[in-house]
Amino acid sequence: MIPDVKDINIPEKLILEIANSEVDFCRKVRKCDPLEGAKQLSFNYKYAISYLECFIGKEKLKELKILEIGSGNAFSLCYALKSGLHIVGIEPGIRYGFKDRYLRAINLLRINGIENPEDFLLDTSVESLPFNDNSFDIVFNVAVLEHVQNVNLAMEESIRVLKPGGIFWANVPNYNSIYEGHYNIFWIPYINKNKAKFYVEKIFKRDPYFIDELNFTSPSMFKKYLNSSQTYGRIYLYGKGVFGFIFNLYNYCMDIRLLPDPENSTGIRKAAILLIRNKMFNLCLRCPLYLLVKIMEAFGLALIFDIILHKRDKYENRILQA
């Protein structure tokens with residue numbers, strides 16, 4: 001069993017250092033208190049590993065070799081290492097002008113008892129991964145592809161180092177939606193960069209410099225990977241409120257691996273999970289949900305999306321079975 005690691009040690013001094021490094025972003029872009037912004041970065045460090053555990057299984061995950069693209073301050077990487085996973089992270093550091101963030105991440109790993117932390121967090125970029133072909137069972141990133149220098153090259157490199165049958169997962173903001181997470185504002189779907197700069201500066205009185213640092217990612221950019229010579233997979237859309245519920249329900253119907261374990265649920269929640277697992281009920285839900293999802297996506301209500309790809313092998317088999 002993977003040990004239940006409840007917390008990682010994040011010293012207050014480290015949070016203050018992050019806050020000081022994010023002053024310009026917080027005040028000019030997000031319009032928030034830098035200290036609160038730094039604290040928010042540390043809140044959801046269990047998210048990625050919990051998702052992988054749900055999708056792949058706790059026991060299976062511990063056996064696999066994992067690569068995290070864009071470890072940031074290394075909160076998630078630290079949690080994964082303390083949980084006993086075989087994981088390596090990459091983060092542009094000293095060579096790419098992000099020396100302070102990289103060194104803070106290394107320090108966090110060291111504080112949490114990770115010996116030789118430089119072996120687990122490499123100073124490099126996704127466009128030039130220092131790994132052999134077919135090295136990892138899982139390659140994943142969360143909120144990274146909108147920041148890379150070259151999206152296509154980032155995808156090609158991620159797929160290159162993935163083993164045949166392995167899984168690639170990316171969680172990505174949708175710029176064809178009505179929300180922008182960095183500025184934390186209502187967004188105009190399908191807007192181009194020049195108009196976006198005018199929009200954030202004139203309407204919201206924010207500094208538009210950060211627009212140039214973003215790729216306006218959308219599901220259509222990644223459709224070519226869903227059935228290519230190297231990969232196949234699906235895109236899963238997500239939203240908020242009642243729309244988020246509908247997106248989630250459709251995703252559950254299309255892939256029951258996303259469902260929580262019914263054994264860990266009770267009452268109505270457990271009954272709903274078991275009902276969705278029923279093949280006949282599941283099939284009856286898919287058609288009306290598909291229509292709703294397409295309508296909501298057209299209106300920009302899909303705020304983020306997941307890309308989940310499987311790398312093909314010559315026998316078209318997966319080493320990671322559902």
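What you are looking at is a predicted structure, and each value in this text was computed from that prediction instead of being measured.

Draft legend 1. Region of interest: the sheet that holds strand β1 (residues 65-69). Taken together, seven strands build an open sheet; the order of strands is β3-β2-β1-β4-β5-β9-β8 and the sheet is mixed. The open sheet has two free edges, formed respectively by β3 (121-122) and β8 (231-238), since each of these has just one partner strand. As paired elements, strand β4 (residues 136-142) and strand β5 (residues 162-173) share six bridges and run parallel to each other. The partner of Ile138 across the bridge, within β5, is Ile167. Across the sheet, helix α8 (residues 151-160) touches β1, β4, β5, β8 and β9 (304-311), and the angle it forms with β5 is around 145°.

Draft legend 2. Spotlight on the environment of Asn194. Within the element layout of this structure, Asn194 appears in helix α9 (residues 193-202). Between the alpha carbons of Asn194 and Asp212 there is a distance of 9.5 Å; along the sequence they are 18 residues apart.

Draft legend 3. Seen up close, the packing of aromatic side chains. One pass over the structure, following the stated rule, counts 17 aromatic pairs. Here the aromatic rings of Tyr47 and Tyr51 are separated by 6.3 Å at their centres, their planes lie at 50°, and the arrangement is tilted. On the criterion of helical spacing, the pair formed by Tyr47 and Tyr51 is a turn pair, its members being four residues apart in helix α4 (residues 47-56). Classification of Tyr51 as buried rests on a relative accessible area of 13%. Taken together, a centroid distance of 4.8 Å and an interplanar angle of 5° make the contact between Tyr175 and Phe216 stacked. A residue pair is termed long-range when its members are at least 10 positions apart, and Tyr175 in the loop between β5 and β6 (179-180) and Phe216 in the loop between α9 and β8 qualify at 41 residues. For Tyr175, a relative accessible area of 3% translates into the label buried. With relative accessibility at 18%, the residue Phe216 sits in the buried group. Among the aromatic residues, those joined into a ring-pair cluster are Tyr47, Tyr51, Phe55, Phe140 and Trp169. Between Lys193 and the ring centre of Phe216, over which it is positioned, the NZ or CZ distance is 5.6 Å. In this structure, Lys240 is placed above the aromatic ring of Tyr179, and the distance from its NZ or CZ to the ring centre is 4.8 Å.

Draft legend 4. Fine view of the pattern of salt bridges. In the structure shown here, the tally under the stated rule is nine salt bridges. Here Glu118 and Arg110 are joined by a salt bridge, their closest N and O atoms 3.3 Å apart. Glu118 sits in the partly exposed class, given a relative accessible area of 40%. Relative accessible area serves as the criterion here: at 44%, Arg110 is assigned to the partly exposed category. One connected set of salt bridges, linked through shared partners, spans Asp133, Glu157 and Arg160.

Draft legend 5. Seen up close, helix α1 (residues 12-21). Taken together, the buried positions of α1 are Leu14, Ile15, Ile18 and Ala19. Take α1 and look down its axis: the buried residues cluster within an arc of 140°, on one side only. Opposite the packed face of α1, turned more than 90 degrees from it, sit the exposed residues Lys13 and Asn20. Considering only its buried residues, α1 is in contact with α2 (23-30), α3 (34-41), α6 (75-82) and α7 (99-111).

Draft legend 6. Geometry of the pairing of β4. The element β4 is largely enclosed, with a buried count of six among its seven residues. Pairing geometry for β1 and β4, over three bridges, is parallel. What sits directly across from Ile66, in β4, is Ile138. Once you follow β4 into α8 and on to β5, the crossover reads as right-handed.

Quick notes on the rules
Residues numbered from 1 in each chain as written. Predicted model: local features only at pLDDT ≥ 70, side-chain atom pairs only at ≥ 80, totals over all residues. Heavy atoms only, no water. Pairing = 2+ DSSP bridges. Helix = DSSP H or I, 4+ residues; strand = E, 2+ residues; numbered from the N terminus. Contact = heavy atoms within 4.5 Å. Axes fitted to C-alpha atoms, helices over the stretch in contact; angles between N-to-C directions. Phe/Tyr/Trp six-rings, centres within 6.5 Å; stacked < 30°, edge-to-face > 60°. Buried < 20%, exposed > 50% of the residue type's maximum accessible area, 1.4 Å probe, protein only. Lys NZ or Arg CZ within 6 Å of the ring centre and 35° of its normal. Salt bridge = Lys/Arg side-chain N within 4 Å of Asp/Glu carboxyl O. Arc of directions from axis to C-beta. Right-handed = clockwise from strand over helix to strand, strands pointing away.

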